[in-house]
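Descriptive structure summary
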Amino acid sequence: MSCVIAGALFARRDPRLLKIPPYLSLLCIVVGVAWLFMLPLNEYSRRTYISENALLPGQVHTYFGGSDQNVFRAYRHEVSALENSTNAEVNDKLESIFRGIGLKVGRQNYTYHSSGNTYSGENVYAILQAPRGDATEAIVLVAAWRNVKGEFNRNGLALALALTRYFKRWSLWSKDIILVVPPDSRSGTQAWADAYHDGHDSSKVASLPIKSGALQGAVAIDYPQEGRFEGVHIVYDGVNGQLPNLDLINSVVNIASGQMGMGSTIQEMWRHSDKYPDRLKTMLRGMLNQGLGHAAGPHSSFIPYHVDAITIQPIGNGWHDEMGLGRLIEGTFRSLNNLLEHLHQSFFFYLLMHKERFVSIGTYLPSAMLIAANFTIMAINLWIRSGHEDELVTTADKQEAGTPSTTAAERDLVLPLGFVAAVHFLGFVPLFIFSHAPATFLEPIHHGFTIFTVAAPFVASHVLASQFTLRKQHYQLLSSFSLLCLGMFLSALATLNFSLAFLVGLLSTPLSFAQPTQSLVMRYGYSAILTALSPGVVVTSASLLSALGLDVILQEAAFGWDVWGMYTPLVIWCVWWPAWIVGTFVVLGRPVDEKLKSA
């Protein structure tokens, strides 16, 4: 037994073991990426199902139609007449309509400021009190005046008004129904949801004059197109990558396909073969939307308050009309009306790759965790390496054994800790600048800051090398502390926003192998690779590859930070950017030890 312990202690001191972690780290990256691409296979994904039996989707007969179509056309005529009216004039008209139906009406003003622009307006909403309820629970129907693309939601609002009038005639409701009409889908809905849950800033958003009970769900109608449609597009992405309960999406799909004979799709996959390529494309599109963390529709503002919400958009050209969409929404509301408790049995963390196929968090989370683990492995490896130094002379016994010798070295922690902490603190500077700069200056500031970011490691390397004696240990500790922070942040983020953690981790993988080198070609070649993957260059490249301009992306990020509470800019500038600065600084470093050896 003593021989085994002695052998283990000797093996632990063997420096050849320190050669294993880089390969283990690379293995984690490869397996993590491969794991993601295996998810669309049948063996790793499963079919969707309804977990909450009380929903009973498609089990009731819907009656919306017939004479209600004339009501819809009348409301569409009135809404069309208001297209060029002011927000106040529109709300005056809607308020008179609501009161004519017999609903309680409330109005709310709000004003947001972002990138030098002012986003202000007035929401109007009406509450249909449930004949069989006690005002403790409610369902929300949202019909914004304009959708997220700025299109006039003529048919959506007319349909919402017709449905509300239709719902008023029924005595089966056990939950209140709230119809919300914000002037836009981006800021208006956010102001209303914040105020309803008392999470608003009273200096920007007014409180709601009337309220109902706890919100059990929300459905938004986005119907700007004219004519008949083929199916519906279900938009479900929430702010910061949060998702509604999967039962809500499954219920709408079940009602649309089973009861209405209506097609449904997700993630703008208008044609889906349910084969591996389409599954993978759908999953990656969902990951991109989740990673960006922006609001995909008026429903997104409700999800942070644990209110399951979706947006329904008619798509294509087919034989379905507005009455079919109304019956779909009626069936969905009838299902939500059956709930005895808040949706909780199904999944809140999932990746959809088809409207009827998904993977849960237990299946996909290891992919991001392996990427994050590679940073931690390299951080521990560099910490161990920094505590040892190679002996210049080996004993005769060790020369015969063929093993090099190492001795313990005292770690100098002040400079590496101070540098890493300072760089992470500096991350708040671009976060503040890009969140408060006027829109006209965002693009020039971005280009200037990108140039500064690329040049900063070169300047810092020259200045610190002239002021301090930087040894190999300093660079090892710098990289160790930085990678440890990066791995820790991404591991925690993966449980909240898997896609953002995975994307940032994948773009940061070259940092795991950043180290000083004597070769000039290797030094500047590797720094060029890191530069191509720097935050500023990646954002600029994304704007060129997408149909959006750089100024639009920067304004959207600032708006998300100021209005939606989107934390994607925080992750970019306070987690990814500092790690990139430290990693590039390490690659450009020339330790004193190596200079002496080369001399």
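Residues numbered from 1 in each chain as written. Predicted model: local features only at pLDDT ≥ 70, side-chain atom pairs only at ≥ 80, totals over all residues. Heavy atoms only, no water.

1. Re the overall build of the protein
Secondary structure assignment for the protein yields 21 helices and 13 strands. Principal-axis analysis of the C-alpha atoms gives the protein an extent of 100 × 55 × 40 Å. Restricting the contact set of the protein to residue pairs at least 6 apart, pairs at least 24 apart contribute 82%. Of note, the protein has its 42 positive side-chain charges centred 4 Å away from the centre of its 45 negative side-chain charges. (Helix = DSSP H or I, 4+ residues; strand = E, 2+ residues; numbered from the N terminus. Contact = heavy atoms within 4.5 Å. Lys, Arg positive; Asp, Glu negative; His and termini not counted. Charge placed at Lys NZ, Arg CZ, Asp CG, Glu CD.)

2. Details of the sheet that holds strand S9 (residues 309-320)
Strand order in the open sheet formed by 8 strands is S2-S3-S5-S4-S6-S9-S7-S8, and the pairing between neighbours is mixed. Of all strands in the sheet, those with a lone pairing partner are strand S2 (104-114) and strand S8 (263-266), marking the two edges. In this sheet, adjacent strand axes meet at a mean angle of 25° when their direction is disregarded. Of the strands in this sheet, strand S6 (214-221), strand S7 (229-235), S8 and S9 touch helix H7 (residues 246-259), which is tilted by about 20° from S9. (Pairing = 2+ DSSP bridges. Axes fitted to C-alpha atoms, helices over the stretch in contact; angles between N-to-C directions.)

3. Considerations on the pattern of salt bridges
Inspection of every chain in the model, using the stated rule, returns 17 salt bridges. Glu 78 is the salt-bridge partner of Lys 93, the closest N and O atoms lying 3.1 Å from each other. One end of the pair, Lys 93, is in helix H4 (residues 87-101); the other, Glu 78, is in helix H3 (residues 68-81), with 15 residues separating them in the sequence. Under the relative-accessibility criterion, Glu 78 is labelled partly exposed at 27%. Two residues, Arg 107 and Asp 92, come together in a salt bridge whose shortest N-O distance is 2.8 Å. Of this pair, Arg 107 sits in strand S2 while Asp 92 is found in helix H4, placing the two residues 15 residues apart along the sequence. Given a relative accessible area of 44%, Asp 92 falls into the partly exposed group. (Salt bridge = Lys/Arg side-chain N within 4 Å of Asp/Glu carboxyl O. Buried < 20%, exposed > 50% of the residue type's maximum accessible area, 1.4 Å probe, protein only.)

4. Some remarks on a nonpolar patch on the surface
Judged by side-chain polarity, Phe 425, Leu 426, Phe 428, Val 429, Phe 432, Ile 433 and Leu 570 come together as a nonpolar surface patch covering roughly 650 Å² of accessible area. Listed by contribution, the elements that provide at least two residues to the nonpolar patch are helix H12 (414-426) and helix H13 (428-436). The leading source of residues in the nonpolar patch is H13, at 4 residues. Within the element layout of this structure, Phe 425 appears in helix H12. For Phe 425, a relative accessible area of 58% gives the class exposed. (Patch = residues over 30% accessible without salt bridge, like charges linked within 9 Å, V, L, I, M, F, W, Y side chains within 5 Å. Areas by Shrake-Rupley, 256 points an atom, 1.4 Å probe, with all protein chains shown as cover.)

5. Quick word on the nonpolar core
Within the largest apolar cluster, 69 residues are counted, with the highest numbers of intra-cluster contacts made by Phe 98, Leu 325 and Leu 328. If you tally residues by element for this core, the top one is helix H5 (residues 154-168), at 9 residues. With 62 residues, the next largest nonpolar core counts Met 287, Ala 372, Leu 442 and Leu 530 among its residues. (Core = buried A, V, L, I, M, F, W, Y, C linked by side-chain atoms within 4.5 Å.)

6. Overview of the packing of aromatic side chains
Any pair of aromatic rings gets described here by the distance separating the centres and the angle formed by the planes. Enumeration according to the criterion identifies 28 aromatic pairs in this entry. Ring geometry for Tyr 119 and Phe 559: centres 4.8 Å apart, planes at 75°, overall edge-to-face. With a gap of 440 residues between them, Tyr 119 in strand S3 (residues 117-128) and Phe 559 in helix H19 (residues 550-564) connect regions that are remote in the sequence. When its relative accessible area of 0% is taken as the criterion, Phe 559 is described as buried. Geometrically, the ring pair formed by Trp 192 and Phe 302 is tilted, given 6.1 Å between the ring centres and 55° between the ring planes. On the criterion of sequence distance, the pair formed by Trp 192 in helix H6 (residues 188-196) and Phe 302 in the loop between helix H8 (276-292) and S9 is long-range, its members being 110 residues apart. (Phe/Tyr/Trp six-rings, centres within 6.5 Å; stacked < 30°, edge-to-face > 60°.)

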